[in-house]
Amino acid sequence: VKLNEAPERMLRLIEPYVTYGNPSLKTVKDLILKRGYGKINGQRIPISENAVIQDGLNSSDVQCVDDLIHEIFTVGPNFKAANNFLWPFKLSSPNGGFSKKTKMLHYLEGGEAGARGEEINGIVRKML
């Protein structure tokens with residue numbers, strides 16, 4: 001998501017219920033390569049080869065998986081088309097699970113919810 005004033009306000013409202021942060025390039029790449037699916041004619045198609053991306057994003061400059069990863073990570077000119085092409089990621093629960101005592105506490109208080117910044121990479125790695 002492009003982080004500007006409107007999404008930041010929305011995140012503040014739901015902050016006690018979700019965790020979020022700034023992923024690294026490696027995390028974005030792992031997400032797209034391991035759990036990436038594209039929308040083609042309303043169907044969920046795994047991104048296993050570059051032909052899937054070319055079929056789904058034929059009007060933009062995104063031609064391969066690396067172009068898609070670069071476009072999503074840098075929020076480039078074709079970000080909206082690339083973001084609409086990607087199906088939402090289905091992640092499993094993290095290995096080791098969440099702590100029952102601290103699940104609903106803010107991250108700064110030792111819990112799981114809220115803004116994690118760069119620490120989001122660790123929890124996403126556990127969920128892949």
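A few points on the structure. (Residues numbered from 1 in each chain as written. Predicted model: local features only at pLDDT ≥ 70, side-chain atom pairs only at ≥ 80, totals over all residues. Heavy atoms only, no water.)

A short note on the pattern of salt bridges
(1) Moving on: Applying the stated criterion across every chain, the model contains 4 salt bridges.
(2) Moving on: With a closest N to O distance of 2.7 Å, Arg9 and Glu5 form a salt bridge. Pair noted here: Arg9 and Glu5 are both in helix α1 (residues 5-14), with a separation of 4 residues, about one helical turn. The pair formed by Arg9 and Glu5 is uniform in burial state, with each residue classed as exposed. (Salt bridge = Lys/Arg side-chain N within 4 Å of Asp/Glu carboxyl O. Helix = DSSP H or I, 4+ residues; strand = E, 2+ residues; numbered from the N terminus. Buried < 20%, exposed > 50% of the residue type's maximum accessible area, 1.4 Å probe, protein only.)

Describing helix α4 (residues 65-74)
(1) Moving on: Among the residues of α4, Val65, Leu68, Ile69, Glu71 and Ile72 are the ones counted as buried. The arc enclosing the buried residues of α4, seen along the axis, measures out at 165°, which places them on a common side.
(2) Moving on: Looking at the packing, one finds that the buried side of α4 touches α2 (25-35), α3 (50-56) and α5 (79-85).
(3) Moving on: In the segment just after α4, Val75 is the residue with positive phi, at about 55°. (Arc of directions from axis to C-beta. Contact = heavy atoms within 4.5 Å.)

A look at the nonpolar core
Soluble, globular proteins show a tendency: their nonpolar side chains are buried together.
(1) Moving on: Membership of the largest hydrophobic core comes to 16 residues, with the highest contact counts inside it found for Ile32, Ile47, Ile53, Leu68, Ile72 and Phe85.
(2) Moving on: If one sorts the elements of this core by residue count, α4 sits on top with 4 residues.
(3) Moving on: Contacts of Leu68, omitting those with residues within four sequence positions, involve Ile32, Ile47, Ile53, Leu57, Val62, Ala82, Phe85 and Leu86. (Core = buried A, V, L, I, M, F, W, Y, C linked by side-chain atoms within 4.5 Å.)

Describing the side chain of Glu71
(1) Moving on: In this fold, Glu71 is placed in helix α4.
(2) Moving on: For Glu71, a relative accessible area of 8% corresponds to the buried category.
(3) Moving on: Ignoring any residue separated from it by four or fewer positions in sequence, one finds Glu71 in contact with Val62, Gly76, Pro77, Asn78, Phe79 and Ala82.

Observations regarding unusual backbone geometry
(1) Moving on: We note that Asn41 has phi near 55°; this positive angle belongs to a residue other than glycine.
(2) Moving on: For Asn41, a relative accessible area of 77% puts it in the exposed group.
(3) Moving on: The residue Val75 is not glycine, and still its phi comes out positive at about 55°.
(4) Moving on: Summarising the element assignment, Val75 is placed in the loop between α4 and α5.

Quick word on the packing of α2 against helix α6 (residues 120-127)
(1) Moving on: Contact geometry of α2 with α6 gives a least axis separation of 10 Å together with a crossing angle of 20°. What the angle tells us is that α2 and α6 run roughly parallel. Crossing of α2 against α6: the hand is left-handed. Every residue of α6 that contacts α2 at Thr27, Leu31 and Arg35 is listed here: Asn121, Val124, Arg125 and Met127.
(2) Moving on: Classifying every residue of the contact of α2 with α6 gives 3 nonpolar, 2 polar and 2 charged. (Axes fitted to C-alpha atoms, helices over the stretch in contact; angles between N-to-C directions. Parallel < 35°, antiparallel > 145°, perpendicular 65-115°, else oblique. Left-handed = near helix turned anticlockwise from the far one by under 90°. Nonpolar A, V, L, I, M, F, W, Y, C, P; charged D, E, K, R; others polar.)

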